[in-house]
Amino acid sequence: MEIYLDTADLDAIEELSEILPIAGVTTNPSIVATGKHPLNVLLPKIRRIIGPSCTIFAQVLAREPESMIDEALYLNDLDPKLVVKIPAIASGFAAIMALSARSVRTLGTAIYSPMQGLFAAHAGACYVAPYVNRLDATGGDGIKMVQSLQKLLDLHEPSCSILAASFRTPSQVLDCLLAGARAVTIPPDVARQMLASPAVDVAIERFEKDWLKVFGNLSA
Ligand code: E4P
């Protein structure tokens, strides 16, 4: 299983990477724009925080295959362990195929249907990113899409992993993992919700109180 943080917020990456065993950080152009650092500045900053073994994902902005490929090669040179995100549209499939032939690792992004994800995987993407909440928000069923896509990958493209994305709630993350997604990317606010555990805090306080009543201090 792989857990990624979906953010360009360096403080949040620093805070959460100390608590969660993350596999890396994912970004998209909107996320990068909120941080105000261009990718050639941002990626080294993220790399310094997460260390050499984690993976960073960065997305191309181009829409045509040739310029997608050029941009992907530029991004790939910015970081030693980068996966390039390519929108899973017709021109993106062409770019994924060409990049895969050059051994550049790609993720097919903006997946809204199982077949779209399967095509990206078949073109050579190592990961596909179904947008769970964005589909839910437009009247679709994000979890059902992930379940169907996972079945298709198991049957036809088992070397490609789902990296489920676009989450607003912890239960969306849980349901994707239950559907067999090998990777999830979680925004910091959802990660913090998943880490908060008020009932557990109450139980721990109770243990302390009971102990203190009898022994007066907290040494065992
Ligand atoms: C993946 O990295 C996607 O770009 C991202 O999760 C989209 O999330 P959003 O729907 O919260 O913008």
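Presented here is an overview of the structure given in this document. (Residues numbered from 1 in each chain as written. Predicted model: local features only at pLDDT ≥ 70, side-chain atom pairs only at ≥ 80, totals over all residues. Heavy atoms only, no water.)

**Thoughts on the overall build of the protein chain**
The following threshold applies: In DSSP terms, a helix is any run of H or I states spanning at least four residues, a strand is any run of E spanning at least two, and both are numbered starting from the N terminus. When accessible area is computed with a 1.4 Å probe and restricted to protein chains, residues below 20% of their type maximum are described as buried, those above 50% as exposed, and intermediate ones as partly exposed. Whether two residues touch is decided by their heavy atoms; if any such pair falls within 4.5 Å, the residues are in contact. Positive residues here are Lys and Arg, negative ones are Asp and Glu, while His and the chain termini are left out of the count. The location of each charge is read from NZ of Lys, CZ of Arg, CG of Asp or CD of Glu.
A tally of regular secondary structure across the protein chain gives 11 helices and eight strands. A principal-axis box enclosing the C-alpha atoms of the protein chain has dimensions of 70 × 40 × 30 Å. Here the protein chain, with 220 residues, has 47% of them falling under the buried criterion. A separation of at least 24 residues holds for 54% of the contacts in the protein chain among residues at least 6 apart in sequence. Positive and negative charge centroids in the protein chain, built from 18 and 23 side chains respectively, lie 1 Å apart.

**Some points on a nonpolar patch on the surface**
The condition that has to hold: Two joining distances apply to patches: 9 Å for like charges and 5 Å for nonpolar side chains (Val, Leu, Ile, Met, Phe, Trp, Tyr), and every residue must have over 30% relative accessible area and no salt bridge. Using a 1.4 Å probe, the Shrake-Rupley method yields the accessible areas, and only the shown protein chains count as cover for residues. Salt bridges are defined by distance alone: a side-chain nitrogen of Lys or Arg within 4 Å of a carboxyl oxygen of Asp or Glu.
Taken together, W211, L212, V214, F215 and L218 make up a surface patch of nonpolar side chains, about 500 Å² in accessible area. Topologically, V214 is positioned in helix α11 (residues 198-215).

**Describing the side chain of Q59**
Mapped onto the fold, Q59 is located in strand β3 (residues 55-59). Accessibility expressed as a relative area gives 12% for Q59, which makes it buried. Setting aside anything within four residues of it in sequence, one finds Q59 in contact with T27, N28, P29, E71, L75, K85, P87 and T109.

**Examining the sheet that holds strand β1 (residues 2-6)**
We apply this condition: When DSSP finds two or more bridges between two strands, those strands count as paired. Lines fitted to the C-alpha atoms define the axes, with helices restricted to the stretch that makes contact. Angles between their N-to-C directions range from 0 to 180 degrees.
Within the closed barrel, the eight strands sit side by side as β1-β2-β3-β4-β5-β6-β7-β8. Their pairing is parallel. Strand after strand, the sheet turns through a mean of 25° between neighbouring axes, direction not considered. Relative to strand β2 (residues 24-26), β1 is paired through three bridges, and the arrangement is parallel. Across the sheet, residue L5 finds its bridge partner in β2, namely V25.

**What to know about the site of the ligand**
As a reminder of what qualifies: Think of it this way: one heavy atom of a residue within 4 Å of a molecule or strand is enough to make that residue near it. Here a polar contact is taken to be a pair of N or O atoms separated by no more than 3.5 Å, where protein atoms must pair a possible hydrogen donor with a possible acceptor and residues adjacent in sequence count only if both atoms sit in side chains.
All residues adjacent to the ligand are D6, T26, N28, K85, Y131, R134, A165, S166 and R168. Within the side chain of Y131, an N or O atom sits 3.1 Å from an oxygen atom of the ligand. Compared with its free state, where it exposes 340 Å², the ligand has 88% of that area covered by protein.

**Focus: the packing of aromatic side chains**
Defined as follows: In this analysis, rings of Phe, Tyr and Trp, with Trp reduced to its six-membered ring, are considered paired at centre separations within 6.5 Å, and the interplanar angle assigns stacked below 30 degrees, edge-to-face beyond 60, and tilted for intermediate values.
On inspection of all chains with the given rule, the structure shows five aromatic pairs. When the ring of F93 is compared with that of F119, the centres are 6.0 Å apart and the planes differ by 75°; the resulting orientation is edge-to-face. In this pair, F93 sits in helix α5 (residues 90-101) while F119 sits in helix α6 (residues 114-123), placing the two residues 26 residues apart along the sequence. According to the relative accessible area criterion, F93 is buried, its value standing at 17%. Of the aromatic side chains, those joined through ring pairs into one cluster are Y4, F57 and Y127.

**A short note on the nonpolar core**
Our working rule: In this text, buried Ala, Val, Leu, Ile, Met, Phe, Trp, Tyr and Cys residues form a nonpolar core when linked through side-chain atoms within 4.5 Å.
In terms of nonpolar packing, the biggest core is built from 61 residues, with I86, V128 and C176 touching the most fellow members. Here this core takes six residues from helix α8 (residues 142-156), the largest share from any one element. Every residue in contact with C176, bar those within four places of it in the chain, is listed here: V132, I143, V146, A164, F167, A181 and V184.

**Structural notes on the pairing of strand β4 (residues 82-87)**
This is how the line gets drawn: Clockwise travel from the first strand over the helix to the second, with the strands pointing away from the viewer, marks a crossover as right-handed.
Counting buried residues in β4 gives six out of six residues, a clear majority hidden from the surface. Residues L82, V84 and I86 of β4 are buried on one face, and the alternating residues V83, K85 and P87, pointing to the opposite face, are buried as well. Looking at chain direction, β3 and β4 are connected through four bridges and run parallel. The residue of β4 that forms the bridge with Q59 is K85. For the segment spanning β3, helix α4 (residues 65-78) and β4, crossover handedness is right-handed. Pairing analysis gives four bridges linking β4 to strand β5 (residues 106-111), with the strands arranged parallel. Each bridged residue has a counterpart across the sheet, and for V84 the counterpart in β5 is T106. For the crossover from β4 across α5 to β5, the handedness is right-handed.

**Some points on the packing of helix α3 (residues 39-50) against α4**
Definition in use: Throughout, a crossing is termed right-handed when the near helix is turned clockwise from the far one, and left-handed when it is turned anticlockwise from it by less than a right angle. Residue polarity follows a fixed list, in which Ala, Val, Leu, Ile, Met, Phe, Trp, Tyr, Cys and Pro are nonpolar, Asp, Glu, Lys and Arg are charged, and the others, Gly among them, are polar.
Packing of α3 against α4 brings their axes to within 10 Å, and their N-to-C directions diverge by 35°. Considering the relative orientation of α3 and α4, their crossing is right-handed. Each of L39, N40 and L43 in α3 lies in contact with α4, whose residues at this interface are Y74, L75 and L78. A breakdown of the residues in the contact of α3 with α4 according to their chemical character gives five nonpolar, one polar and no charged.

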